[in-house]
Amino acid sequence: MAKVVLDRIVKHYPGNDRCTVPELNLTIEDGEFLVLVGPSGCGKSTILRMIAGLIDATSGRVSLDGRDITGLPPKDRDISMVFQNYALFPHLTVYDNIAFGLKIRGAERSEIARRVNEAAELLDLKKVLDKKPRELSGGQRQRVALGRAIVRQPKVFLFDEPLSNLDAKLRTQMRAELAKLHRRLKATAIYVTHDQSEAMTLADRVVVLHAGAVAQCDTPLEIYSRPKNTFVAAFMGSPAMNLFDAVPIAQGGTMLLKARDLLIEPPADIVRLLRARKDEKYTLGIRPEQIYLADRKPAELRFGPVLDCEIELAESLGDEVCLHCDAGGLRFLATHKHDFAVKAGDRLSLVFAVDKLRIFDSAGDALA
Amino acid sequence: MKKLVLHLVLLAAAVTFIYPFLWMAAVSVKPAAEAASLSLWSAHPTLASYSAIFRQIPIGRALCNSLVVASTTTASVLFFCSLAGYALAKLRFRGRETLFLVILLTMMIPGQLTLIPLYTLIVKLGWTDSYAGLIAPGMISGLGVLIFRQTFISIPDELMEAARMEGCGELGILARIFWPLAKPAMVTVGIITFMNSWNEVLWPMMVVRDQQMMTMPQMITMFSVGGQAGGEIGVELAASMLLVLPIVLAYSFFQRYFIEGIATTGIKG
């Protein structure tokens, strides 16, 4: 069992006007892969470092399997960490880098050799055990850093943006390797990144952070399809969710939402909420892939009125095209399979999948 | 052509520097009759000057004393200056910058100014004519602290944090990570300290009277100036050769690190 509990954790750096982490409550279950994601400066690395013991929390409690580890130095926490810049010791060979923690802890020489070889086998580092870090490629260095982390068999792994220094191809490769490794080791992992694709692909649960506070904590799919607020909606997904200001209009016994010239009839459950709330302003959110060509819309979904759009820009991503659209001042992004010819200046008829709309109140919180 | 001229100038400069040293080496193995000649060549080379020194003064003992004093001082400077440099570069504590400025300030005070108070202190501690009296004043140096601080600042914090996660304490981090990574700085501080300590004449003259506790430069100065050498220039220069030889050997062995250390410190500083 390796359950990590953060109980009312606060971090305030002296001299700063506001708390980096105002008050955080979070439970990471045994064997869970939790990803902390958020923009730069949202406090995600600070949280990781407080769990590691590299910085002290201003107040609050960190516990591991029910044991309070708040005041313990990093070495007594039974936690490993993989750093953004690998943090390999340049004067030591790969073998000595991996064996470092075991040597410090006074493990038997034969035991060290066995475990290092096991880790090297797992990470395909057997051939480079005698080399120094400077002789390795970025991917190999990252694997050595992983090797150093797993060889001690700690209760918890912490990852601080471990893939951000790799090129795109290697990043995808290493991401898959990390996922496989986690499935094999079944250890609790807390992973910090600002890359949402890493968050979506690796996590059992994603915590989206905003100014040190949890904006949403959910499964990747839930975060993507049902963001709890406009911050999460705008942050997760690439391209981001389209957000429009809208006003409610009562019409013939039902409620409509009007964003510029677009009149949308929300689903019945939302209408009920709109009636009850009586806010003056809302925000409509829709993912770019939930906007369809009017003549190709799927039959099973309900759609809003047809929008005559001018294409301001068409960005081809190979199999997909990202359309920058303008429908009478209502500007949004739509993505579509790139199986038709389109260029800037063309006009297209598009429709919104109404059932997929997210509606946020004036404070930015989702209605349902 | 321009390059040739440049090389000739450099060659002339090199000869100017090296000739006195070579002449000293040559005279030390010449018979007394040839000592006055400026030539580097001797028709009858001899080690008579060296054997004269060993006959007349306990030079072996002085060599031993110098080795003990210079080695201990160097080891101590390396240890304490790197400790201080580590704290000033990587640990956060109140007054860190002020403390660093105070340490820098000590480098600006001329040694002669502290000579008398230091002597009084050593006398009061009863450390005259002892290794403690010779070693204690040089056990830490501002320059050493400065060099280590500047070197350690350039070592990424993440290495320190990684070592901490792996179970190292502060001393472990220093010994296992920072010392090996700061090899050029270690060699630079080591050579500078060893050389200064080895060449020191004034301080040993003040605190040591007992011939058995004298260091090499002190003994050789007294031997040459005090008249024991009988005015024989060959014997005096042979004594000087014995004095400079360990430094020359150490420097040529560590030269690469030394230059690297000086250069790195220059850039970072």
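Computed from a prediction, not measured in an experiment: that's the story for all the values here.

Novice: Just checking my understanding: could you explain the overall build of chain B for this structure?
Specialist: The helix and strand inventory of chain B stands at 13 helices and zero strands. The order of α-helices and β-strands along chain B, N terminus first, is α-α-α-α-α-α-α-α-α-α-α-α-α. The buried share of chain B, reckoned over its 269 residues, is 35%.

Novice: Would you explain the interface of chain B and chain A in this entry?
Specialist: Many structure descriptions define interface size as the accessible area lost when the parts assemble. In this assembly, 14 residues from chain B lie in contact with 16 residues from chain A. For the side of chain B that touches chain A, the secondary structure elements donating two or more residues are α8 (157–165) and α9 (170–181) of chain B. Residue composition of the side of chain B that touches chain A, grouped by class: eight nonpolar, two polar and four charged.

Novice: What is the right way to look at the nonpolar core in this model?
Specialist: Buried together is how nonpolar side chains tend to be arranged in soluble globular proteins. Residues A:Val35, A:Ile51, A:Leu158, A:Ile190, A:Val208 and A:Leu284 are the most contacted members of the largest nonpolar core, which totals 159 residues. Among the elements that make up this core, the one with the highest residue count is helix α3 (residues 59–90) of chain B (12 residues). Dropping the residues within four chain positions of it, A:Leu284 is found in contact with A:Phe244, A:Ala246, A:Leu257, A:Ala259, A:Ile264, A:Leu357 and A:Ile359.

Novice: Would you take a moment to explain the packing of α3(B) against helix α7 (residues 142–153) of chain B for this structure?
Specialist: Packed helices, taken two at a time, are described by the angle between their axes plus the distance between the axes. All names here are of chain B. For the pair α3 and α7, interaxial distance at closest approach is 7 Å and the crossing angle is 50 degrees. Put simply, α3 runs oblique to α7. When the axes of α3 and α7 are compared, the crossing they make is right-handed. Along the contact surface, α3 presents Val77, Cys81, Ser82, Ala84, Gly85, Tyr86, Leu88, Ala89 and Lys90, while α7 presents Gly144, Val145, Phe148, Arg149, Phe152 and Ile153. Considered class by class, the residues forming the contact of α3 with α7 number 10 nonpolar, three polar and two charged.

Novice: I'm lost on the confidence of the model for chain B in this one. Help?
Specialist: As a note on interpretation, predicted positions should not be read in detail where pLDDT is low. Considering every residue of chain B, the mean pLDDT works out to 88; 94% of them sit at 70 or more. Taken as a whole, residues 265–269 of chain B scores under 50 in pLDDT and shows 10 contacts with residues more than four places along the chain or in a different chain.

Novice: Could you clarify how one ought to interpret the packing of helix α4 (residues 96–108) of chain B against α7(B) in this entry?
Specialist: Residue and element names in this part refer to chain B. At a minimum axis distance of 8 Å, the contact between α4 and α7 shows a crossing angle of 135 degrees. Taken together, the axes of α4 and α7 lie oblique to each other. Between α4 and α7 the crossing geometry is left-handed. Where α4 approaches α7, its residues Phe100, Ile103, Leu104, Thr106 and Met107 are matched on the opposing element by Gly142, Leu143, Val145, Leu146 and Arg149. Among the residues forming the contact of α4 with α7, the class breakdown is seven nonpolar, two polar and one charged.

Novice: I would appreciate a short explanation of the environment of A:Leu26 in the present structure.
Specialist: All names here are of chain A. Relative to the helices and strands, leucine 26 is located in strand β2 (residues 21–28). As for leucine 26 and alanine 149, which are separated by 123 residues in sequence, their C-alpha atoms are 23 Å apart. Excluding its chain neighbours within four sequence positions, the residues that come into contact with leucine 26 are Leu6, Val207 and Val214.

Reading guide: rules and limits
Residues numbered from 1 in each chain as written. Chains lettered and ligands numbered in written order. Predicted model: local features only at pLDDT ≥ 70, side-chain atom pairs only at ≥ 80, totals over all residues. Helix = DSSP H or I, 4+ residues; strand = E, 2+ residues; numbered from the N terminus. Buried ≥ 20, exposed ≤ 12 C-beta atoms within 10 Å, placed from the backbone. Contact = placed C-beta atoms within 7 Å. Nonpolar A, V, L, I, M, F, W, Y, C, P; charged D, E, K, R; others polar. Core = buried A, V, L, I, M, F, W, Y, C linked by C-beta atoms within 7 Å. Axes fitted to C-alpha atoms, helices over the stretch in contact; angles between N-to-C directions. Parallel < 35°, antiparallel > 145°, perpendicular 65-115°, else oblique. Left-handed = near helix turned anticlockwise from the far one by under 90°. pLDDT = per-residue confidence, 0-100.

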